[in-house]
Amino acid sequence: MNCIIESERLKLRKITPDDFDDLCEILQDIEVMYAWEHAFSDSEVAEWIDKNIKRYEADGFSYYAAIEKETNQFIGVIGPLIEDIEGVRYIGIAYILNKRYWNKGYAVEGAKASIEYAFNTLNAAKVIAQIRPENLSSRRVAEKLGMEVENVYIKHHSGKDMPHLIYSIRKQKLIHTMN
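Remember, it's a predicted structure, so these values are computed and weren't measured experimentally.

Quick notes on the rules
Residues numbered from 1 in each chain as written. Predicted model: local features only at pLDDT ≥ 70, side-chain atom pairs only at ≥ 80, totals over all residues. Heavy atoms only, no water. Helix = DSSP H or I, 4+ residues; strand = E, 2+ residues; numbered from the N terminus. Buried < 20%, exposed > 50% of the residue type's maximum accessible area, 1.4 Å probe, protein only. 1 Å grid on protein atoms, 1.4 Å probe; cavity = no way out; pocket = protein on both sides within 12 Å on 5 of 7 lines; lining within 4 Å. Points joined across faces, edges and corners; volume = space filled by probe spheres on them. Nonpolar A, V, L, I, M, F, W, Y, C, P; charged D, E, K, R; others polar. Axes fitted to C-alpha atoms, helices over the stretch in contact; angles between N-to-C directions. Left-handed = near helix turned anticlockwise from the far one by under 90°. Contact = heavy atoms within 4.5 Å.

**A word on unusual backbone geometry**
Stage number 1. Not every positive phi belongs to a glycine, and N103 is a case in point at roughly 60°.
Stage number 2. One non-glycine residue, N123, lies in positive phi territory at about 60°.
Stage number 3. With respect to the helices and strands, the residue N123 is situated in the loop between helix 3 (106-120) and strand 6 (126-131).
Stage number 4. Overall, the relative accessible area of 63% leaves N123 in the exposed class.

Below, the structure written as structure tokens:
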């Protein structure tokens, strides 16, 4: 496994087409994907994989497969990625976990490692997270990391207007938050 980011319990590596079945289990679960307002079809999962592989080529990073070190299990996707908000590109973080791994601290741990990677390797001055207002679990993750709401953005997805809160953290704040 070619590990890009590592934390205490997780290794993050690039997603490959071989991850299709694991990703279907996550992206086709409406309970996991409720903030997207639909579960993905097989073709949407394949397109999502292709989109992330293209992001690796274009940006150098995107969602990574989150692998639990102890069991070598695929638990979700976590990572830094480019977020385009009204034509402005930001380095953001995102996380989608298999619901079997919810409430175990993996999202916080992987997101923290991704933020540190964004600041220390990608030289980001600020990192954002786009989160639906009703996605309280994801909001709690961002807030535990010291991120704060700085704006609201209407994302257009699948013909729908979807409000998102824009959480952000600057490098200096992360240093103080994590000490």
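**Focus: the layout of surface pockets**
Over the atoms, a rolled probe matching the size of one water molecule traces out where space is still vacant.
Stage number 1. Estimated volume of the largest pocket: approximately 1300 Å³.
Stage number 2. Forming the boundary of the largest pocket are 49 residues, of which W36, Y63, Y95, I96 and N135 lie nearest the centre.
Stage number 3. Put simply, the parts of the chain that give the lining of the largest pocket at least two residues each are helix 2 (42-59), strand 4 (73-85), strand 5 (88-97), helix 3, strand 6, helix 4 (136-144), strand 7 (148-157) and strand 8 (160-170).
Stage number 4. Counted by class, the lining of the largest pocket contains 24 nonpolar, 12 polar and 13 charged residues.

**What to know about the packing of helix 1 (residues 20-27) against helix 2**
Stage number 1. One can describe the packing of helix 1 onto helix 2 by two numbers: an axis separation of 10 Å at closest approach and a directional angle of 115°. The handedness of the crossing between helix 1 and helix 2 comes out as right-handed. Of helix 2, the residues touching helix 1 (which contributes F20, L23, C24 and L27) are D42, V45, A46, W48 and I49.
Stage number 2. Classifying every residue of the contact of helix 1 with helix 2 gives eight nonpolar, no polar and one charged.

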